[in-house]
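Below are the chains, spelled out letter by letter.
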Amino acid sequence: MIVSVLIYLKMGRPIFFVQNRPGKEKKIFATYKFRTMTQERDVEGALLADEKRLQGLGKLIRSLSLDELPQLLNVLKGEMSFIGPRPLLIEYLPLYNEEQKRRHEVKPGITGWAQVNGRNSISWKKKFEYDLFYVDNVSFLLDMKIVWMTIKKVIKREDISFSQHATAEKFNGHN
């Protein structure tokens, strides 16, 4: 409730960022997050770059990973798990090679092996390697390790984003 009120007071509505993402077996679902970027636009009406729209409160919410909390609704709806590969953009689906497509053999997660091993500070190649390691090694012990490592990352505020970008670099099928 506190995060919702702060977003409303500082950035207005909407409070939530809702975006369709592919889940297990590429089934599309709406994922929920707290909105962290302003709705600022240029003179032509196009949204400004992420770096310009991610400001004070939004940066704080992201650095504490509070923006992810509404995804608990996705977990309750059975669309996501606590642990698994992060749900990526629908536009990436046709760009995956056969091996990368395997990330959709499990439910996506709020956190995962790639998030605790570099999050946005690692290459796409490494992210997919970590996602597939998880797919091939799903276990209660690995999940508990990821939970513990996630807590440590959130407390230390590590690997939130690339130093030169507010958000992760776009995947183009080759990076």
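Computed from a predicted model, the values in this text were never measured in an experiment.

Chemist: Lay out the overall build of the protein chain with the relevant residues and their values.
Modeler: Assigned secondary structure in the protein chain consists of eight helices and four strands. Relative to the compact-globule value of 16 Å for 175 residues, the protein chain shows a C-alpha radius of gyration of 16 Å, a close match. Along the first, second and third principal axes, the C-alpha set of the protein chain runs to 45 × 35 × 30 Å. The 175 residues of the protein chain split such that 44% are buried. Of all intrachain contacts in the protein chain linking residues separated by at least 6 positions in sequence, the fraction that spans at least 24 positions is 66%. Of the accessible surface of the protein chain, which amounts to about 10,100 Å², a share of 59% is contributed by carbon and sulfur atoms. In the protein chain, 29 side chains carry a positive charge and 20 a negative one; their mean positions are 5 Å apart.

Chemist: So, the environment of Leu48: which residues are in play, and what are the values?
Modeler: Residue position: Leu48 is located in the loop between β2 (28-34) and α2 (50-53). The sequence separation of Leu48 and Phe133 amounts to 85 residues, and the corresponding C-alpha distance is 36 Å. Excluding residues within four positions of it along the chain, Leu48 makes contact with Glu40, Arg41, Asp42 and Arg53.

Chemist: Let's hear about helix α8 (residues 140-156): which residues, and what values?
Modeler: Taking 1.5 Å per residue, 17 residues should reach 24 Å; α8 reaches 24 Å between its end C-alpha atoms and fits that length. Contacts from the buried residues of α8 go to β3 (81-83), β4 (109-111), α6 (113-116) and α7 (124-137).

Chemist: Let's hear about the pattern of salt bridges: which residues, and what values?
Modeler: The tally for this structure, following the rule as stated, stands at 11 salt bridges. Across the salt bridge formed by Lys77 and Glu79, the nearest N and O atoms sit 3.6 Å from each other. Residue Lys77 is classed as partly exposed on the basis of its relative accessible area of 45%. A salt bridge links Arg102 to Asp136; its shortest N-O distance comes to 2.3 Å. Of this pair, Arg102 sits in the loop between α5 (98-101) and β4 while Asp136 sits in helix α7, placing them 34 residues apart in sequence. One network of salt bridges, with partners in common, ties together Glu99, Arg102, Glu105 and Asp136.

Chemist: Go over a nonpolar patch on the surface with me, naming the residues and quoting the values.
Modeler: A cluster of nonpolar side chains, namely Phe140, Leu141, Met144, Val147, Trp148, Ile151 and Ile155, defines an oily patch on the protein surface of about 790 Å² accessible area. Exposure remark for Val147: the relative accessible area of 32% places this residue in the partly exposed category.

Chemist: Residues and numbers for unusual backbone geometry, please.
Modeler: Excluding glycine, most residues fall at negative phi; most peptide bonds, likewise, are trans. Residue Pro14 is reached from Arg13 by a cis peptide bond, and omega for that bond is 0°. Within the secondary structure, Pro14 is located in the loop between α1 (2-11) and β1 (16-22). Residue Lys26 is not a glycine yet carries a positive backbone phi of 65°. For Lys26, a relative accessible area of 36% corresponds to the partly exposed category. Despite not being glycine, Ser65 has its phi angle at roughly 60°, a positive value. Within the secondary structure layout, Ser65 lies in the loop between α3 (56-63) and α4 (71-76). Overall, the relative accessible area of 14% leaves Ser65 in the buried class.

Chemist: Give a detailed account of the packing of aromatic side chains, specifying residues and quantitative values.
Modeler: Tallied over the entire structure, the rule returns nine aromatic pairs. Pairing Phe16 with Phe34 gives two aromatic rings, centres 5.4 Å apart and planes at 20°, and the pair type is stacked. Taken as a pair, Phe16 in strand β1 and Phe34 in strand β2 lie far apart in primary sequence, 18 residues in all. A relative accessible area of 40% places Phe16 in the partly exposed class. Measuring from centroid to centroid gives 5.5 Å for Tyr96 and Phe128, while their planes differ by 75°, and the two rings are edge-to-face. Of the two residues, Tyr96 sits in the loop between β3 and α5 while Phe128 sits in helix α7, which places them 32 residues apart along the sequence. Across this residue pair, the class does not change: Tyr96 and Phe128 are buried. Geometry around Trp124 places Lys127 over its ring, the cationic atom sitting 4.3 Å from the centre.

Reading the values: rules and limits
Every residue gets a number counted from 1 within its own chain, in the order that chain's sequence is written. The predicted origin of the model limits local features to residues at a pLDDT of at least 70 and limits the giving and counting of side-chain atom pairs to 80 or more, whereas totals for whole chains, interfaces and linings rest on all residues. Heavy atoms from the whole structure form the basis of all side-chain values; hydrogens and water molecules are not counted. Put simply, DSSP H or I for four residues or longer makes a helix, DSSP E for two residues or longer makes a strand, and each gets a number counted from the N terminus. For the radius of gyration, the atoms used are the C-alpha atoms, and the globule rule reads 2.2 Å times the number of residues raised to 0.38. Burial classes follow relative accessibility: with a 1.4 Å probe on protein chains only, a residue under 20% of its type's maximum area counts as buried, one over 50% as exposed, and anything between as partly exposed. Contact criterion: two residues are considered in contact whenever any of their non-hydrogen atoms come within 4.5 Å of each other. Residue exposure ignores everything except the shown protein chains as possible cover, and the areas themselves are Shrake-Rupley values with a 1.4 Å probe. Only four residue types enter the charge count, namely Lys and Arg as positive and Asp and Glu as negative; His and the chain termini do not. By convention, the point assigned to a charge is CZ for Arg, NZ for Lys, CD for Glu and CG for Asp. Under the convention used throughout, the expected extent of a helix is 1.5 Å for every residue step, that is, one less than its residue count. Here, a salt bridge means any side-chain nitrogen of Lys or Arg that lies within 4 Å of a carboxyl oxygen of Asp or Glu. Like-charged residues within 9 Å of one another, or nonpolar side chains (Val, Leu, Ile, Met, Phe, Trp, Tyr) within 5 Å, are grouped into patches, provided each residue has over 30% relative accessible area and no salt bridge. The aromatic pairing rule takes the rings of Phe, Tyr and Trp, using the six-membered ring of Trp, and pairs them if the centres are within 6.5 Å, calling planes under 30 degrees apart stacked, those over 60 edge-to-face and the rest tilted. Whether a charge sits over a ring depends on NZ of Lys or CZ of Arg being within 6 Å of the ring centre and within 35 degrees of the ring normal.

Nothing here speaks to function; it is all geometry.
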